[in-house]
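Descriptive structure summary
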Amino acid sequence: LPVTDSQRQRVTGVTVTPVAFKDLPLLNTVGVHEPYALRAIVEVRTEDGLIGLGETYADADHLARLRLAADEIIGTDVWDVNELARRIRVVLAGGPGTGDHGMAGMVTGTSTADAILSPFEVAFLDIQGQATGLPVSTLLGGAVRDTVDYSGYLFYKWAAHPGHEPDRWGAALDPDGIVAQARRMVTEYGFSALKLKGGVFPPDEEIEAIHALRRAFPEHPLRLDPNGAWTVETSIRVGQELDGVVEYLEDPTPGVEGMAEVARKVPMPLATNMCVVSFAGIEPAVRRDAVGVVLSDHHFWGGLGRSRLLAGICDTFGLGVSMHSNSHLGISLAAMTHLAAATPNLTYACDTHWPWKDPGEDVIAPGALTFSDGAVAVPTTPGLGVTLDRDMLGRLHEQYLECGLRSRDDTGYMRGIDPSYELLSPRW
Ligand code: GKR
Ligand code: MG
């Protein structure tokens, strides 16, 4: 891209604002979602008054590292992402190389430097787009699709957080509840693929839920993700029983060796956002043929540029690419949509937690991103195509201050409700 002097932009200020938004009692293999999910909103300002946005986890350690990085990147040119990455590596030197930011312990081994780089890189791309009048997907090499498909992400859940009124989704604790949840999600959003978060009930009950979904939705690609809750033997049995029913089985068992053993004995590809979560994890998985699909996630793969690098490596080794999600707001959805649009080999519907969010709670002005037929139209306006709603940012920051949560802890919250709850990996 030819960049004129007026399009060059140096960073003059960075603000990192933690926010909390309401979350529902979604169950997973390490516990249950707390009443609020935490995110950090990153604003990067330039000498010409442009503001670029990024969104990431807000766990206390991660937040402290974001703030260290924020001070260090003042003066960087927003076109110089290599310099941004270098400064972040320098400021983090001596700190932890890997971590489990925002994942409640389910995903470990992500690169701390890449997780810190991500929101700043997204904000830099947002500014590059505003300075040139180009959408981020164009800066990433061009949108190969106008809309990005997302999957309906089904969770077992309670009717309400203890002590609260029933929420708008109600309980889903058996196959009928999951099918009812799926029907509503498909009706409201138009999703054409469905994923069930498993690892909550004994595997036979989750197999039954998948069969019930297949009967109710004969054409929808289905996925099951127990977050490594099963032994190798259980995973093989589930995989064989779901032959021809799921398009992929996601993280059935913990660890690359176990995944490789399961992969040899089940008919469908194994997908992962747990055993390949950083560039260092690719080679061991490829060498063992442990996974068939990598779920990229720009929040821990170092931003949008490095996620496209991951997609290129997957292409080289014949691996499929899908996309992972955690509870998130609109800046993340915008970034995910631009990335997916500009990644030719991202051919699966992406995960999103979007339907679980209170529709009235976001930090972006409404209207920029909407679901139609299960897909989001790729914004065509400059940058990410979303703008900050400062009133909402302030309100959700107040909510963060008041809610008292400082790091995601699904297990601790579950133990507060059920003191006998045990964390087991694998569980069955
Ligand atoms: O939100 O409970 C959850 C999910 O289990 C999430 O934390 C996972 O990281 O969605 C993720 C996954 O695909 O494993
Ligand atoms: Mg997963």
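If you're wondering where the values come from, they're calculated on a predicted model, not measured in any experiment. Counting restarts for each chain: residues are numbered from 1 in the order of the written sequence. Starting at A for chains and at 1 for ligands, labels are handed out in the order in which the entities are written. Where totals are concerned, whole chains, interfaces and linings use all residues; where local detail is concerned, this predicted model gives features only for residues with pLDDT of at least 70, and gives and counts side-chain atom pairs only at 80 or more.

1. Regarding the overall build of the chain
Stated precisely, the cut-off is as follows: Each helix corresponds to a stretch of at least 4 residues labelled H or I by DSSP, and each strand to a stretch of at least 2 residues labelled E; elements are numbered beginning at the N terminus. Put simply, the radius of gyration uses C-alpha atoms, and a globule should come to 2.2 Å times the residue count raised to 0.38. Think of it as a crowd count around each C-beta: if 20 or more other C-beta atoms lie within 10 Å the residue is buried, if 12 or fewer it is exposed, and in between it is partly exposed, with C-beta placed from the backbone throughout. Contacts are defined on C-beta atoms placed from the backbone: any two residues whose C-beta positions lie within 7 Å are in contact.
Across its full length, the chain holds 13 helices and 17 strands. Here the C-alpha radius of gyration of the chain, 21 Å, is about what a compact globule of 428 residues would show, namely 22 Å. Principal-axis analysis of the C-alpha atoms places the extent of the chain at approximately 60 × 50 × 45 Å. Burial statistics for the chain: of 428 residues in total, 56% are counted as buried. Nonlocal contacts in the chain, meaning residues at least 24 apart in sequence, comprise 73% of its contacts between residues at least 6 apart.

2. Let's talk about the packing of helix α2 (residues 81-92) against helix α3 (residues 112-132)
Here is the rule: For helices, the axis comes from a line fit to the C-alpha atoms of the stretch in contact; other axes are also lines fit to C-alpha atoms, and the angle between any two N-to-C directions lies between 0 and 180 degrees. By convention, the crossing between two helices is left-handed when the near helix turns anticlockwise from the far helix through less than a right angle, and right-handed when the turn is clockwise. Each residue is assigned to one class: nonpolar for Ala, Val, Leu, Ile, Met, Phe, Trp, Tyr, Cys and Pro, charged for Asp, Glu, Lys and Arg, and polar for all the others, Gly among them.
Look at α2 against α3: their axes get within 10 Å of each other, and the N-to-C directions meet at 145°. As for the relative orientation of α2 and α3, their crossing is right-handed in sense. Listed contacts from α3 to Val81, Leu84, Ala85, Ile88, Arg89 and Leu92 of α2 are Thr112, Ala113, Ile116, Leu117, Phe120, Glu121 and Phe124. Considering only residue class, the contact of α2 with α3 consists of 10 nonpolar, one polar and two charged.

3. Considerations on the sheet that holds strand β13 (residues 270-272)
Counted only if it meets this: Strand pairing is assigned whenever DSSP detects at least two bridges linking the two strands.
Taken in spatial order, the seven strands line up as β9-β10-β11-β12-β13-β14-β15 in an open sheet, and their pairing is parallel. For this open sheet the edge positions go to β9 (152-155) and β15 (320-323), each flanked by a neighbour on one side alone. Taken pair by pair, the neighbouring strands of this sheet meet at an average axis angle of 25°, ignoring direction. Across the face of the sheet, helix α5 (residues 175-189) comes into contact with β9 and β10 (194-197) while running at roughly 155° to β9.

4. Let's talk about the environment of Phe21
Structurally, Phe21 is set in strand β1 (residues 11-22). Expressed as a C-alpha distance, the spacing of Phe21 and Met323, which sit 302 residues apart in the sequence, is 22 Å. Excluding its chain neighbours within four sequence positions, the residues that come into contact with Phe21 are Tyr36, Ala37, Leu329, Lys357, Asp358, Glu361 and Leu396.

5. A short note on helix α8 (residues 256-265)
This is how it is decided: Note that the arc is computed from the directions linking the helix axis to the C-beta atoms.
Looking only at α8, the buried set comprises Met259, Ala260, Val262 and Ala263. For α8, the angular spread of buried residues about the axis comes to 165°, placing them on one side. As for α8, its buried residues are in contact with α7 (232-241), β13 and α9 (282-288).

6. Description of the sheet that holds strand β4 (residues 36-46)
Pairing within the open sheet is antiparallel, and its three strands lie in the order β1-β4-β5. Of all the strands in the sheet, just β1 and β5 (51-57) have a single pairing partner and so form its edges. When the angles between neighbouring strand axes are averaged without regard to direction, this sheet yields 20°. As paired elements, β4 and β5 share seven bridges and run antiparallel to each other. By the bridge assignment, Val42 is partnered in β5 with Gly54. Across the sheet, helix α1 (residues 60-72) lies against β1, β4 and β5, angled at about 165° from β1, the strand it touches most.

7. Some words on the environment of Arg395
Residue position: Arg395 is located in helix α12 (residues 390-403). Judged by the 15 C-beta atoms lying within 10 Å of it, Arg395 is partly exposed. Placed 30 residues apart in sequence, Arg395 and Ala365 show a C-alpha to C-alpha distance of 14 Å.

8. Here's the deal with the nonpolar core
Counted only if it meets this: To count as a nonpolar core, a set of buried Ala, Val, Leu, Ile, Met, Phe, Trp, Tyr and Cys residues must be joined through C-beta atoms within 7 Å.
Of all hydrophobic cores here, the largest spans 137 residues; its most connected members are Val42, Phe120, Phe124, Val291, Val293, Val294 and Ile331. With 11 residues, the single largest contributor to this core is α3. When sequence neighbours within four positions are dropped, the list of residues in contact with Val42 reads Val14, Val16, Leu53, Gly54, Thr56, Leu66, Pro119, Phe120 and Ala123.

9. Considering the confidence of the model for the chain
Which entries qualify depends on this criterion: Note: pLDDT gives the predictor's confidence per residue, expressed from 0 to 100.
Of the residues in the chain, 100% have a pLDDT of 70 or more, and the chain-wide mean is 97. Both confidence scores are given for the complex: pTM 0.98, ipTM 0.95.

10. What to know about the packing of α3 against helix α10 (residues 304-316)
To characterise two packed helices, one gives the angle between the axes of the helices and the distance between these axes. Basically, it comes down to this: Oblique is the label for any angle not under 35 degrees, not over 145, and not in the 65 to 115 range, which are roughly parallel, roughly antiparallel and roughly perpendicular in turn.
Running from amino to carboxyl end, α3 crosses α10 at an angle of 110°, the nearest separation of the two axes being 8 Å. As far as their axial angle goes, α10 and α3 are roughly perpendicular. Residues Asp114, Glu121, Val122 and Leu125 of α3 form the contact with α10, whose own contacting residues are Leu304, Gly305 and Arg306. Partitioning the contact of α3 with α10 into residue classes produces three nonpolar, one polar and three charged.

11. A closer look at α1
This is how it is decided: To estimate the expected span of a helix, count its residues, drop one, and scale the result by 1.5 Å.
Under the 1.5 Å per step criterion, the end-to-end length of α1 is 19 Å for 13 residues, consistent within 8% with the ideal 18 Å. For α1, the elements touching its buried residues are β1, β4, β5, α2 and α3.

12. Points about the pairing of β9
We apply this condition: Classification remark: right-handed applies to a crossover when, strands pointing away from the viewer, the course from the first strand over the helix to the second runs clockwise.
Alternating positions in β9 separate into two faces, Gly152 and Leu154 on one and Tyr153 and Phe155 on the other, with burial throughout. The sheet contact formed by β9 and β10 spans four bridges and is parallel. By the bridge assignment for β10, Gly152 is matched with Leu194. A crossover links β9 with its parallel partner β10, the connecting element being α5, and its sense is right-handed.

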